[in-house]
Amino acid sequence: VTVLASPSFGDAPIAKVPLTDVEKPGGRVVETTLYDILKQDPQHYSYKLYFQVDKVEGENAHTIFKGHEYSREFLRSLVRRGSSMSDFIKDYKTKDGYVVRVYCVVFSQGKMNTSKKHDLRILMDRIIGERSASLTYEQFAQELVLQKVASDVYNEAKKVTHLRHVGVRKSKLVSRPTPQQPEKKEQTVAPMAA
């Protein structure tokens, strides 16, 4: 079957997977790079994306976005002597009830003291929290991977200190919303007339 990326990445075909049992494909995770999907910027090779097979229809396997991360080489290339790194990890809930763990990283041009790192973490938390609350999971996933959230953080954080790089180095789907079961209406018993 052809594995398709999630709808937020345009249902692009990302891999062909042999399948023995059509009934139980769910759960298989397929790894690809952002470049393989967008085919625009060679820098996108440094973003690894993970999609989990959700359901199979005919020849196509539909997926859900499972997470992304920087490649090890890219993350290592960002670390320089004389600059500080501030890391921030937190779970956020999207508008449609998905919980996503976001790993945000900031590299400064010079050394940062702890109070500036603290200010940056508060700022990252506020901006990512606002974005996640206002977007569905598919939209939020797209903004994380394409670094739109990181650029929002950068625009605010550069007022705190001189920055060299701001990015969402990793994201991970923690939980999906449970399907709502229809609520049972309680039958009210009318009081008997005496």
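Just so you know, these numbers come straight off a predicted model, no measurement behind them. (Residues numbered from 1 in each chain as written. Predicted model: local features only at pLDDT ≥ 70, side-chain atom pairs only at ≥ 80, totals over all residues. Heavy atoms only, no water.)

A. Spotlight on the pairing of strand β7 (residues 99-108). Counting buried residues in β7 gives nine out of 10 residues, a clear majority hidden from the surface. Sheet topology places strand β6 (residues 85-93) next to β7; nine bridges connect them, and they run antiparallel. From the neighbouring strand, Met-85 faces β7, where its bridge partner is Phe-107. Between β6 and β7, which pair antiparallel one after the other, the connecting turn spans five residues, and Gly-97 there sits at a positive phi close to 95 degrees. In terms of strand pairing, β7 meets strand β8 (residues 163-175) through 10 bridges, oriented antiparallel. Within β8, the position partnered with Val-106 by the bridge is Val-166. (Buried < 20%, exposed > 50% of the residue type's maximum accessible area, 1.4 Å probe, protein only. Helix = DSSP H or I, 4+ residues; strand = E, 2+ residues; numbered from the N terminus. Pairing = 2+ DSSP bridges.)

B. Just the packing of aromatic side chains, in detail. One pass over the full model with this rule turns up nine aromatic pairs. Aromatic side chains Tyr-47 and Phe-74 sit 6.1 Å apart centroid to centroid with 55 degrees between the ring planes, which places their arrangement in the tilted category. One end of the pair, Tyr-47, is in strand β4 (residues 47-57); the other, Phe-74, is in helix α2 (residues 72-78), with 27 residues separating them in the sequence. Within the aromatic cluster, the residues linked to one another by ring pairs are Phe-9, Phe-51, Phe-65, Tyr-98 and Tyr-137. The cationic tip of Lys-170 hangs over the ring face of Tyr-103; the distance from NZ or CZ to the ring centre is 5.1 Å. (Phe/Tyr/Trp six-rings, centres within 6.5 Å; stacked < 30°, edge-to-face > 60°. Lys NZ or Arg CZ within 6 Å of the ring centre and 35° of its normal.)

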